[in-house]
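Observations on the three-dimensional arrangement
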Amino acid sequence: SNGNGGTATTVSRSSYLVHVVPNEAIGSWVCKNTYSMTDNQIKQYYAAQAIAACTFIEYTVHEDPKHSDYTVCDNSNCQTYDPTTTNTYAVEAVGMVSDSFGGDTYYTIMLYRPTSSTYDYMYPAYFQQCPGQTKTLTGYPELQSVPCTDIDGTHSGYSGNGWGMCQKGAAQRAKDGDLYWEILEYYYTDISVVTAFE
């Protein structure tokens, strides 16, 4: 819903993700034409964004008392969802991080792993750009500060909250050859990228 008392609409997780990723990530045209990213680099970057978006759904349901029954708002208070906007990179990226078997669909999410035998749902915060370092969010051990190089150079400040995955930094890491799980494991501390049943 729109977060302001609007009507909730039920959509599949795949449909939700393919309409969130291009609205939250850097646009594919900019990735290709401004940053000279290859098709595979864009897909790796978008796949990292898709997993962060999918993890956010699980976090809101299991850890955020403001949400229940997989109900999230469609604006930037949660994640921007626009059913009129998607692109082939988003569709292919969601396909990379989901799979169907025996009539069931499985999606890749991140889990915080404080030890090798325990896990917890995590807050997959992300933001647009930073001045060379992400921020630590107290009380969220998965959100520790790490150095970050944005794809379009050094910025004087943050665009967004500064926690977790820097999107322009993630794009640079994809351009440098990181795969989507390597991007996520860099920006989030002590996490595992796992496949979960929906």
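I will try to describe carefully the structure that is included in this document. (Residues numbered from 1 in each chain as written. Predicted model: local features only at pLDDT ≥ 70, side-chain atom pairs only at ≥ 80, totals over all residues. Heavy atoms only, no water.)

Tallying secondary structure elements over the chain gives six helices and six strands in all. Listed by position from the N terminus, the elements making up the chain come as α-α-α-α-β-β-β-β-β-α-α-β. Out of the 198 residues in the chain, the part that is buried amounts to 45%. Split by element, the accessible area of the chain, about 9400 Å² in all, is 47% carbon and sulfur. (Helix = DSSP H or I, 4+ residues; strand = E, 2+ residues; numbered from the N terminus. Buried < 20%, exposed > 50% of the residue type's maximum accessible area, 1.4 Å probe, protein only. Areas by Shrake-Rupley, 256 points an atom, 1.4 Å probe, with all protein chains shown as cover.)

What follows covers the packing of helix H5 (residues 167-175) against helix H6 (residues 180-187). For the pair H5 and H6, the least separation of the axes is 10 Å and the interaxial angle reads 135 degrees. As judged from the angle between their axes, H5 and H6 are oblique. Judged by the sense of rotation from one axis to the other, the crossing of H5 with H6 is right-handed. Contacts between H5 and H6 involve Gly 169, Ala 170, Arg 173 and Ala 174 from the first element and Ile 183, Tyr 186 and Tyr 187 from the second. The class makeup of the residues in the contact of H5 with H6 is five nonpolar, one polar and one charged. (Axes fitted to C-alpha atoms, helices over the stretch in contact; angles between N-to-C directions. Parallel < 35°, antiparallel > 145°, perpendicular 65-115°, else oblique. Left-handed = near helix turned anticlockwise from the far one by under 90°. Contact = heavy atoms within 4.5 Å. Nonpolar A, V, L, I, M, F, W, Y, C, P; charged D, E, K, R; others polar.)

In this section: the environment of Tyr 186. Assignment of secondary structure puts Tyr 186 in helix H6. By relative accessible area, Tyr 186 is classed as partly exposed at 25%. With near-sequence residues (within four places) excluded, Tyr 186 lies in contact with Val 146, Pro 147, Cys 148 and Arg 173. Engagement of the side chain of Tyr 186 in a polar contact is seen with the backbone oxygen of Pro 147, the distance being 2.4 Å. (Polar contact = N/O pair within 3.5 Å; in protein donor to acceptor, adjacent residues only side chain to side chain.)

Attention shifts here to the side chain of Gln 172. Note on placement: Gln 172 falls in helix H5. When sequence neighbours within four positions are dropped, the list of residues in contact with Gln 172 reads Thr 149, Asp 150 and Ile 151.

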